[in-house]
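Remarks on the overall topology
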Amino acid sequence: MMGRFFIALSALCCAVIVAMTAFVLGDIAYFGWEKLTLSFLLAAPEQGMAAGGIFPAIFGTFFLVLIMTVAVIPLGVMTAVYLNEYAPKHSRLVQWVRLAIANLSGVPAIVFGLFGLGFFIDFVGKGMDAAFFGSRLVFGQPAILWAALTLALLTLPTVVVATEEALRAIPDSHREVAYSLGATRLQMVRRVVLPQAIGGILTGGILAVSRGAGEVAPILFTGAAYFLPYLPKKLNDQFMELGYHIYVMATQSPDVEATKPILYSTVFVLLALTFVLNFTAIWVRSRIRRRLRLAK
Amino acid sequence: MKTLALILAASLASAAGKTVTIKGSDTMVILGQRWAEDYMKSHPGTVIQVTGGGSGTGIAALINGSTDIAEASRPMKAEEKASVKRKQGKDVSEIPVAQDGVALYVHKANPLKKITLAQAKRIYAGELTQWSELGIKLSQIIVYGRENNSGTYAYFKEHVLGNQDFAPEVLSLPGTAAVINAISKDKNAIGYGGIAYGKGIRAVPVGNDEKSPALEPTMKNVLDGSYPISRALYFYTAGKPEGEMKRFIDWVLGPEGQRICGQVGYYPLKKPSKP
Amino acid sequence: MRTGGILSAEKAVEALIRLSAFSAILGLFLIFVFIGKEALPVLTSPEARKEAGLSKLFLPQEGPRPYSWQPVSEIPKYSILPLFMGTLKVTLVAILFAIPLALGAALFTSEFAPDWTKELLKPIIELLAGIPSVVLGFFALMVMASCVQDAFGIIYRLNAVNAGIALGLAVIPIVYTMADDALTAVPKSYREASIAMGASAWQTASKVVFPAALPGILAACVLGFGRAIGETMIVLMASGNAPVMTWALQKPVRSLSATVAAELGEVVVGSPHYHVLFLIGTLLFVFTFALNLFAHWFVRRLQRKILGAA
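Residues numbered from 1 in each chain as written. Chains lettered and ligands numbered in written order. Predicted model: local features only at pLDDT ≥ 70, side-chain atom pairs only at ≥ 80, totals over all residues.

Section: the overall build of chain C
As a reminder of what qualifies: Only DSSP runs of H or I reaching four residues or more are called helices, and only runs of E reaching two or more are called strands; each is numbered from the N terminus. Neighbour counting defines burial: a residue surrounded by 20 or more other C-beta atoms within 10 Å of its own C-beta is buried, one with 12 or fewer is exposed, and intermediate counts give partly exposed, using backbone-placed C-beta atoms. Think of it this way: build a C-beta for each residue from its backbone, and any pair within 7 Å is a contact.
Across its full length, chain C carries 15 helices and 2 strands. Along the first, second and third principal axes, the C-alpha set of chain C runs to 80 × 75 × 40 Å. Counting all 310 residues of chain C, 53% fall into the buried class. The contacts in chain C between residues at least 6 apart in sequence include a share of 72% that link residues at least 24 apart.

Structural notes on the overall build of chain A
For chain A, the helix and strand inventory stands at 10 helices and 2 strands. Along chain A, from the amino end to the carboxyl end, the secondary structure elements read α-α-β-β-α-α-α-α-α-α-α-α. Seen through its principal axes, chain A has C-alpha atoms that stretch 75 × 70 × 35 Å. Across the 296 residues in chain A, those meeting the buried criterion constitute 56%. Restricting to contacts in chain A with at least 6 residues of sequence separation, those with at least 24 account for 77%.

Some words on the pairing of strand E1 (residues 19–24) of chain B
All names here are of chain B. Defined as follows: At least two bridges found by DSSP between two strands is the condition for calling them paired. Crossovers are described as right-handed under a simple rule: with the strands pointing away from the observer, the path leading from the first strand over the helix to the second runs clockwise.
Sheet topology note: the E1/strand E2 (residues 47–51) ladder contains 5 bridges and is parallel. Within E2, the position partnered with Thr19 by the bridge is Val47. Running through helix H2 (residues 26–42), the crossover from E1 to the neighbouring parallel element E2 is right-handed.

Points about the interface of chain A and chain C
Reports often express the size of an interface as the amount of accessible area lost when the parts come together. Quick note on the threshold: Three residue categories are used. Nonpolar comprises Ala, Val, Leu, Ile, Met, Phe, Trp, Tyr, Cys and Pro, charged comprises Asp, Glu, Lys and Arg, and polar comprises the others, including Gly.
Contact with chain A, which involves 65 residues of that partner, is made by 64 residues of chain C. Of all the secondary structure elements, the ones that give two or more residues to the side of chain A that touches chain C are helix H1 (2–32), helix H3 (55–86), helix H4 (92–104), helix H5 (109–132), helix H6 (144–169), helix H8 (185–214), helix H9 (242–252) and helix H10 (256–295) of chain A. Broken down by element, the side of chain A that touches chain C gets its largest block of residues, 16 residues, from H1(A). Broken down by class, the residue content of the side of chain A that touches chain C amounts to 49 nonpolar, 14 polar and 2 charged.

A short note on the packing of helix H8 (residues 133–152) of chain C against helix H9 (residues 160–185) of chain C
Residues and elements named next belong to chain C. Condition: Only the stretch in contact is used when a helix axis is fitted, and all axes are lines through C-alpha atoms; the angle between N-to-C directions ranges over 0 to 180 degrees. Should an angle lie under 35 degrees it is considered roughly parallel, over 145 roughly antiparallel, and from 65 to 115 roughly perpendicular; all remaining angles are considered oblique. By definition, any crossing whose near helix is turned counterclockwise from its far helix by less than a right angle is left-handed, and any crossing with a clockwise turn is right-handed.
At a minimum axis separation of 8 Å, H8 and H9 run at an interaxial angle of 130°. By the angle between their axes, H8 is oblique relative to H9. Seen along the crossing, H8 lies across H9 with a hand that is right-handed. Facing Ser133, Leu136, Gly137, Phe139, Ala140, Met144, Ala145, Val148 and Phe152 of H8, the residues of H9 in contact are Val161, Asn162, Ala163, Ile165, Ala166, Leu169 and Ala170.

Thoughts on the confidence of the model for chain C
For the record, the criterion: The predictor's confidence in any single residue is recorded as pLDDT, a number from 0 to 100.
With 96% of its residues at a pLDDT of at least 70, chain C reaches an overall mean of 87. Across the assembled chains, the prediction reports ipTM 0.88 with pTM 0.87.

Comments concerning the interface of chain B and chain C
Facing 29 residues of chain B, the contacting portion of chain C comprises 27 residues. At the level of elements, helix H3 (55–64), helix H6 (151–159) and strand E7 (171–173) of chain B are the ones that each hand at least two residues to the side of chain B that touches chain C. When residues of the side of chain B that touches chain C are assigned to their parent elements, the largest contribution, 5 residues, is made by H3(B). In the side of chain B that touches chain C, the residues fall into 12 nonpolar, 12 polar and 5 charged.

Let's talk about unusual backbone geometry
Positive phi values are uncommon outside glycine, yet B:Asn163 reaches one of about 70°. Here B:Asn163 is to be found in the loop between H6 and E7. For B:Asn163, a count of 10 C-beta atoms within 10 Å puts it in the exposed group. Despite not being glycine, C:Asn241 has its phi angle at roughly 50°, a positive value.

Remarks on helix H2 (residues 23–39) of chain C
Residues and elements named next belong to chain C. Basically, it comes down to this: Multiply 1.5 Å by the residue count of a helix minus one, and that product is the helix's expected span. Picture the helix axis, draw a direction to every C-beta atom, and the arc is the one those directions span.
Its 17 residues give H2 an end-to-end C-alpha distance of 24 Å, which sits within 8% of 24 Å, the value for a rise of 1.5 Å per residue. Looking only at H2, the buried set comprises Ser23, Ala24, Gly27, Ile31, Phe34, Ile35, Glu38 and Ala39. On an axial view of H2, the arc spanned by its buried residues comes to 140°, and they lie on one face.

What about the nonpolar core?
Rule in force here: The term nonpolar core refers to a set of buried Ala, Val, Leu, Ile, Met, Phe, Trp, Tyr and Cys residues connected through C-beta atoms within 7 Å.
If you look at the biggest cluster of nonpolar residues, it comprises 278 residues, and the most contacted ones within it are A:Ile246, C:Ala102, C:Ala140, C:Ala166, C:Val175, C:Ala179 and C:Ile234. Ignoring anything within four residues of it in the chain, the contact list for C:Ala140 reads C:Ala145, C:Asn162, C:Ala163, C:Ala166, C:Ile234, C:Met237 and C:Ala238.

Thoughts on H4(A)
All names here are of chain A. With 13 residues, H4 ought to run about 18 Å at 1.5 Å a step, and its terminal C-alpha atoms sit 18 Å apart, in line with that. For H4, the set of buried residues is Val97, Ala100, Ile101, Asn103 and Leu104. What you see down the axis of H4 is that its buried residues fit within an arc of 165°, all on one side. Residues of H4 that are exposed and point more than 90 degrees away from the buried face comprise Arg92 and Gln95.

Focus on the pairing of strand E11 (residues 230–238) of chain B
All names here are of chain B. Of all 9 residues making up E11, 8 are buried, and the element is well covered by its neighbours. Of the strand pairs in this sheet, strand E4 (residues 92–107) and E11 are connected by 9 bridges, and their pairing is antiparallel. Residue Gly101 lies in a different strand from E11, and its bridge partner there is Ser230.

Re the environment of B:Pro228
Within the element layout of this structure, B:Pro228 appears in the loop between helix H8 (219–223) and E11. When near neighbours in sequence (up to four residues on either side) are disregarded, B:Pro228 contacts B:Leu117, B:Val206 and B:Asn208.

What about the packing of H3(A) against H8(A)?
Residue and element names in this part refer to chain A. Contact geometry of H3 with H8 gives a least axis separation of 8 Å together with a crossing angle of 140°. The angle between the axes of H3 and H8 places the two elements in the oblique class. Relative to H8, the crossing made by H3 is right-handed. Of H8, the residues touching H3 (which contributes Thr61, Val65, Met68, Thr69, Val72, Ile73, Gly76, Val77, Val81 and Glu85) are Arg185, Val189, Val193, Ile201, Gly204, Gly205, Ala208, Val209, Gly212 and Ala213.

Notes on the environment of B:Ala189
Residue and element names in this part refer to chain B. Examined against the element boundaries, Ala189 turns out to sit in strand E8 (residues 189–194). In sequence terms Ala189 and Val170 are 19 residues apart; their C-alpha atoms lie 11 Å from each other. Discounting residues that sit within four places of it in the chain, Ala189 has contacts with Val106, His107, Ile142, Tyr144, Ala182 and Ile183.

Topic: the confidence of the model for chain A
Put simply, chain A has an average pLDDT of 86, and 95% of its residues get 70 or more. Confidence scores differ between elements of chain A, with strand E1 (residues 45–46) of chain A showing the lowest mean pLDDT of 72 and H6(A) the highest of 92.

Structure representation (structure tokens):
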């Protein structure tokens, strides 16, 4: 008897979660749909964010995650390859590396922001300025490069974990076949393992991009800006970004009523972006898992 | 689409290097942005970039040398000016560019007719906590303020609190919009901020003391100094402005720039002369 | 000659692979060093110590308010205890809200409900997980604050409860996913044996499966807790950011991470305020690091005990 009550309670938990998610998404969809036109996506902001569009923020977000991806995918894949293909099993080092990756994913986002400021901007950037540019301030200031590298460190665990999952799914027999044909370990990795792991790498990359596009705390002091009249073109430019734009519009603009529809639509765009990315990654991942089950 | 073309043109111009960087006050960032937009429309070769972060951010950037102009909604302190001199080797140029009244806002249903500076001080210091003490039939006063990186925060602290500390219960919000949004949804709320538009709130007339008339922060009252909490908004530069920076600042101080103040919700330095 | 070329190119790539493995460890190390480096002057520089030394940060001060965080002031005050308290309160609300819901839902979908419910719930949880924290903060500020205010009759619109619930929404997917993995990993034989002995579905779930999955479930909770402690944007937008020193949940709070996010933009580089903010960041880093290590160690011990007993 009591059992039925508790089971019902647990069903209620499910229902509450679904209801709250629907509430959040529904509210944003309802209010955000109004302003969503092609010109909104392609135009620049006007009249103090009370009119116009959000193209620079979209562009900035894309450019940001592009640089981040270029940095994080090679590094993440190589780390996963080492852990799964090269490292001696049960070595202490491997345990520490895995522990480090788990820890890295638990570091608060704002700490990454501080790191971006204290390491990339104040140390690497200012060092580059001193070495190559004399006394001019070129890289020792907030820049899209530093924000992207900070995000790359933040999303590294995502790429490593997803790639490792894909690598582990490849049966050892494939590797043994390659060795028996005389391949070196690297050749085996390049020609046999990696091509089969592409799905996992893709998943990891897409999830990383989705995370990178959404995190605001790490870019608060490493390069995001509220209004720039140009699009970021050089690596040391600042940039507008969707998440940061939402934060500033929600808290800063003087005409709340006029900005509200634009604010909601910007949130809608960011959500749509992250969802499309997430669901693509999930779809890819489920296809891999299905293939894996069939192979076994 | 026209603005997109403008951005692309500006991207090319930025490569050519005629850029003016403005950083600082969140109170002023919208104003700075409008100035930048309009100036670039009529001067297509120049790029002006505006970022916020608070008056303190702009001043810190001026000290560090990472901005041309610091926008500030409070005057620079002597130590800050000294830091600029020390790190950049130049004296600070202080240029008032607009006027602002700091308004005390309440929910539009709140019938408060006037508030004196002394009452405002006591509310924000945490000594006056109930609306009933002001004769209003509401309950606890929910007090909103700004984050400590805001020039408005610093100005309010100096001129209304007399440098006393804010009560810890004052909710710190990161921008004027947040304050206005919060008050419009909260019957018991009071907050301060630069003059701005917003539905659901009203600015309470402020009086110097019990006997003085309470005035609203209208343009007349702010420009002739009779509104008790009005302030100038500043541009600060290291050294006297030169080149493109000077042209921009002159434009801002001229009739077109000053007209924009009113459009964004601030007041020009002088009353516009009748056309 | 060609073989020699390939070999050295290969060696180079393999060296790169081995090196990259250290990237995670190097990353953590660099984070600690470079944030700690900027925090150190709080302990070492005389100017910083006078204004913001450890005694000022942690001990009650003289005056009407012994624990006051007001760094921009004629006499700057740096007590971080209200910030600690704020972080703790919001985190507490978040996990009290999120963990029962997430665990309940995980139990339901893996033990009691037909498989298709899980196929339906998992995408929804993924949706929730994919919502960026700035969006949750935006929602909490614009919409949820009024709902919470009406539902609980709280006089403050932005408070620990509001921020805590929004934070809980961010934590639910983490706890659910890991708990679900842990529950699903329990071998079918356990359930079958229990049913064969006449236990009901609920008894099986609560007395057999749940305890067997405990290590993973605990890990899920700790991970959720860690996420809640470090989260910035939600709390920055939804908690009111008032450094009040009280246990009352209906008052606004100011958390450690939101303080850094709100104030770092303004500080003059090298001022005592700047160093204190980096010190807060170091504390956050060290705490979440220690929490993760503890969770790892604890779960391993628990696993060994359970496997040892079985």
